[in-house]
Amino acid sequence: MTLSFEKNTKVTKKLNLVPLDSDLWNTYTGAKGNVSQDIRPLLLARPRIQTPSDKLEEAIATQTLFENLSDQMRFYPADYLAVPYLVAILERRAEEKDFHTQLELITELGVCLATDIPGNQLDVELPHPDRKIMDDYNASIAVLQERTKVFLEGSLTRIQWLCESEKIHFYLAVLAILGDREAAFILNCTLMDECYVMCGECDYCDETIEPFSARNPSSIRPARLVTGKWDGKSLKDIYVWFSNLVDLLGDRQAVRALTYYYGIYTCPKCGAKGRVMDLMKKYFFEV
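Right, let's walk through the structure included here. All chains use their own residue numbering, which begins from 1 and follows the written sequence. Reporting of local features is limited, given that this is a predicted model, to residues whose pLDDT is at least 70; pairs of side-chain atoms are given and counted only at 80 or more, and all residues count toward the totals for whole chains, interfaces and linings. Excluding hydrogens and water, the side-chain values take into account all heavy atoms of the structure.

## Considering the sheet that holds strand β3 (residues 220–221)
Part 1 of the reasoning: Pairing in this open sheet of 3 strands is antiparallel, and the strands run β3-β4-β5 from one edge to the other. Only two strands of the sheet have a single neighbouring strand rather than two, namely β3 and β5 (273–275).
Part 2 of the reasoning: Pairing analysis gives 2 bridges linking β3 to strand β4 (residues 264–266), with the strands arranged antiparallel. Of the residues in β4, the one forming a bridge with R221 is I264.
Part 3 of the reasoning: We call two residues in contact when some of their heavy atoms are within 4.5 Å. Axis definition: a line fit to C-alpha positions, over the contact stretch in the case of helices; interaxial angles, taken between N-to-C directions, run 0 to 180 degrees. Runs of E in the DSSP output that reach at least two residues are strands. Runs of H or I that reach at least four are helices, and both are numbered from the N terminus. Those strands touched by helix α11 (residues 276–286) are β3, β4 and β5, and its axis lies near 90 degrees from that of β5. At least two DSSP bridges between two strands are required for those strands to pair.

Here is the structure:
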């Protein structure tokens, strides 16, 4: 299949970045505090002329930074300042045709977005971002969305050759970037196999559904299989495009699991029905 996504032509690629020496970095912190020093090595990196020592320094800085930004799948205020920088770096790596760094940045940025959902911040007093910071953050996400589309269109074959774990983390990141952050968060937590729901009518919590890899749950009527029914362009129906992307990347087990995640659950207590993913969101975010 050839991918040719609908593009947002109104997105500007000019990003406003908070200076790394600004005091704001001491207010908008990550899991371990100020993250600005972890960004500096990434700005200086030049993949084509790096020495082994440079590559090691960049790898350590990247790992440390993203641990700071999404530790334990929590959202941290540092994301508001760091994400625009990382998207700017992604743009530069795209110009350099650096496949592996683009892959890593898109994957990790997708995790950051998957954590940016209501009720997923630490139970401490956090700064409320002002209008300009939020505008810059959202503008960088819009650029990230367009860059992700271009990366998928131009690199699908190389992505298909990744190992299984790399592909899983990547397509869940794409779901967070282009589709549904809450669903991406849930599927990261359940490893694309487990299922916990809360009935939309009686609030019954069902934690007894066996993993989809073990058997077909009798309480869920799976959605129809939609592989081969995507135009490779529209992102309006998340179940359709995401199932087909997962299929294109060769994860047949996950495609099957998605038929249950987007299927219909019948509550054994009151008989009410509802879409599994909606009831999982209720379980995860309303308990």
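## Comments concerning the pattern of salt bridges
Should the charged atoms of two oppositely charged side chains come close, the side chains can pair.
Part 1 of the reasoning: Only one rule defines a salt bridge in this text: a Lys or Arg side-chain nitrogen within 4 Å of an Asp or Glu carboxyl oxygen. If you walk through the whole model with that rule in mind, you get 15 salt bridges.
Part 2 of the reasoning: Salt-bridge contacts for D180 lead to K281; the nearest nitrogen and oxygen are separated by 2.6 Å. Linking D180 in the loop between α7 (164–178) and α8 (181–190) with K281 in helix α11, this pair joins segments that are 101 residues apart in sequence. Per residue, the accessibility class of D180 equals that of K281, and both read buried.
Part 3 of the reasoning: Within this structure, K13, E91 and R147 form a network of salt bridges that share partners. Here the term buried applies to any residue with accessible area under 20% of the maximum for its type, exposed to any over 50%, and partly exposed to those in between, with areas from a 1.4 Å probe on protein chains only.

## Focus: the side chain of R147
Part 1 of the reasoning: Inspection of the secondary structure puts R147 in helix α6 (residues 131–160).
Part 2 of the reasoning: Whenever a nitrogen or oxygen atom comes within 3.5 Å of another N or O atom, the pair is scored as a polar contact, on the condition that within protein one atom can donate a hydrogen and the other can accept it, and that pairs from neighbouring residues in sequence are kept only if both atoms are in side chains. Looking at R147, its side chain comes within polar contact range of the side chain of E91, at 2.8 Å.
Part 3 of the reasoning: When neighbours within four sequence positions are excluded, R147 is seen to be in contact with K13, L90, E91, A94 and Q102.

## Some thoughts on the packing of aromatic side chains
Part 1 of the reasoning: Note on ring pairs: Phe, Tyr and Trp rings are taken, using the six-membered ring of Trp, and paired if centres are within 6.5 Å. Classes follow the plane angle, with under 30 degrees stacked, over 60 edge-to-face and the rest tilted. One pass over the full model with this rule turns up 16 aromatic pairs.
Part 2 of the reasoning: Geometrically, the ring pair formed by W25 and Y85 is tilted, given 5.8 Å between the ring centres and 55 degrees between the ring planes. Residue W25 is found in helix α1 (residues 24–27), and its partner Y85 is found in helix α4 (residues 78–95); the two are separated by 60 residues along the sequence.
Part 3 of the reasoning: Since its relative accessible area comes to 0%, W25 is described here as buried.
Part 4 of the reasoning: Seen from their ring centres, F212 and Y260 are 5.2 Å apart, and the 20 degrees between their planes marks the pair as stacked. Pair noted here: F212 is in the loop between β2 (205–206) and β3 and Y260 is in helix α10 (residues 252–261), with a separation of 48 residues, a long-range link.
Part 5 of the reasoning: Under the relative-accessibility criterion, F212 is labelled buried at 1%.
Part 6 of the reasoning: The exposure class of Y260 is buried, given its relative accessible area of 6%.
Part 7 of the reasoning: Taken together, the aromatic side chains of F185, Y196, Y283, F284 and F285 make up a single cluster linked through ring pairs.
Part 8 of the reasoning: Only when the NZ of Lys or the CZ of Arg is both within 6 Å of the ring centre and within 35 degrees of the ring normal is a charge said to sit over the ring. Lying over the aromatic face of F99, R158 brings its terminal NZ or CZ to 4.1 Å of the ring centre.

## Observations concerning the side chain of E91
Part 1 of the reasoning: Mapped onto the fold, E91 is located in helix α4.
Part 2 of the reasoning: When its relative accessible area of 13% is taken as the criterion, E91 is described as buried.
Part 3 of the reasoning: Beyond its immediate chain neighbours, meaning those up to four positions away, E91 contacts K13, V143 and R147.

## What about α8?
Part 1 of the reasoning: Counting buried positions along α8 yields 7 of 10 residues, so the element is predominantly enclosed.
Part 2 of the reasoning: Among all positions of α8, only A183, A184, F185, I186, L187, N188 and T190 are buried.
Part 3 of the reasoning: For α8, the side-chain oxygen to backbone nitrogen distance between the N-cap and E182 is 3.1 Å, and the N-cap itself is D180.
Part 4 of the reasoning: Of the residues trailing α8, L191 is marked for its positive phi of about 60 degrees.

## Considering helix α2 (residues 36–44)
Part 1 of the reasoning: Of the positions making up α2, those classed as buried are S36, D38, I39, P41 and L42.
Part 2 of the reasoning: On the buried face of α2, the contacting elements are α1, α3 (52–70) and α4.

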